[in-house]
Amino acid sequence: MARTGPDPEDLTARARIRNAALLHFGEHGFERATIRGIAETAGVSSGLVRHHFGSKQALREACDAHLVKTIRRLNDQARSESTGDLNHVAAARAAVGPYQPYMARALAEGWAAPLFDEMVQLTEPWLADADKTRPDPPDVDRRTRATVITAMALGITVLHQHVSRGMGVDPFSPEGDQLLARTLIDIYSHPLLGPEEAALARDALDKIRNTSTEADRGATLRRLEEHHDD
């Protein structure tokens, strides 16, 4: 069973500095955030920040590493049979909700590659399990599907204000936990396309691709003929 208690590291000055950095990077961005401001929020000296992390870049990497560790723990909980009575949306909000501004800015500006890549990697086993009972073989490789699913899931974080307006409730609130969880269950349990409709859509894509390929081949031949004539 996955450990659900607090991380012992979170009681240390190093963890306070990291948490302060998560807040500052989220509010000000990486370039505008300062070691001094982070130190003041953490209640330590700038020298102690540099002692623990060395540089602002290394501190940001530690922020990413902490979120990766947290996401991995949440995934372990979700895959554990002993946590079937847990609202995983609420658990995720409790764990990473305070750092939503950091995640939104980091993802939009391309900082958080380790976080995104970890989520893709954690999604692949879920797809592997689902593929075992699929009536039709996947049309796209698992890594690509996991990447798109991750991007769609993180879109709620990046587009938080728009999602809140559309749902009529903040998804990062207790009320939003329930509505978002029910919405995700409904979406994933009732796909918009059935197998027959999906097959027709794939056939249409193949026709478009073949037509484009033939058009490109014809254009290339015409250019070659024009060049030869010159």
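Scroll up a little and you will see the structure.
Residues numbered from 1 in each chain as written. Predicted model: local features only at pLDDT ≥ 70, side-chain atom pairs only at ≥ 80, totals over all residues. Heavy atoms only, no water.

Take the packing of helix H1 (residues 13-32) against helix H6 (residues 100-109) next. Any two packed helices are characterised by the angle at which their axes cross and by the distance between the axes. As a packed pair, H1 and H6 sit with axes 8 Å apart at the nearest point and diverge in direction by 55°. The pairing of H1 with H6 is recorded here as oblique in orientation. Crossing handedness for the pair H1 and H6: left-handed. Between H1 and H6, the residues in contact are Leu22, Phe25, Gly26, Glu27, His28 and Gly29 and Pro101, Tyr102 and Arg105, respectively. In the contact of H1 with H6, the residues fall into 4 nonpolar, 3 polar and 2 charged. (Axes fitted to C-alpha atoms, helices over the stretch in contact; angles between N-to-C directions. Helix = DSSP H or I, 4+ residues; strand = E, 2+ residues; numbered from the N terminus. Parallel < 35°, antiparallel > 145°, perpendicular 65-115°, else oblique. Left-handed = near helix turned anticlockwise from the far one by under 90°. Contact = heavy atoms within 4.5 Å. Nonpolar A, V, L, I, M, F, W, Y, C, P; charged D, E, K, R; others polar.)

This brings us to the packing of aromatic side chains. Evaluated as defined, the whole model comprises 5 aromatic pairs. For the pair phenylalanine 25 and phenylalanine 30, a centre-to-centre distance of 5.5 Å together with 45° between the ring planes defines the contact as tilted. Across the pair, exposure class does not vary: phenylalanine 25 and phenylalanine 30 are buried alike. Here a set of aromatic residues connected by ring pairs shows up, and it is made of Phe25, Phe30, Tyr102 and Trp111. The ring of phenylalanine 30 carries the charged tip of lysine 56 above its face, separated from the ring centre by 4.8 Å. (Phe/Tyr/Trp six-rings, centres within 6.5 Å; stacked < 30°, edge-to-face > 60°. Buried < 20%, exposed > 50% of the residue type's maximum accessible area, 1.4 Å probe, protein only. Lys NZ or Arg CZ within 6 Å of the ring centre and 35° of its normal.)

Attention now moves to the side chain of glutamine 100. Assignment of secondary structure puts glutamine 100 in helix H6. The exposure class of glutamine 100 is buried, given its relative accessible area of 14%. Within the structure, the side chain of glutamine 100 is placed 2.9 Å from the backbone oxygen of threonine 157, a separation counted as a polar contact. If near-sequence neighbours (up to four positions away) are discounted, glutamine 100 is found in contact with Thr157, His160 and Phe172. (Polar contact = N/O pair within 3.5 Å; in protein donor to acceptor, adjacent residues only side chain to side chain.)

Counting residues in each nonpolar core, the largest one holds 34 residues, and the members touching the most others are Ile17, Phe25, Leu59, Leu67, Tyr102, Met103 and Leu115. Considering each element in turn, this core owes the most residues, 7 residues, to helix H4 (residues 56-79). (Core = buried A, V, L, I, M, F, W, Y, C linked by side-chain atoms within 4.5 Å.)

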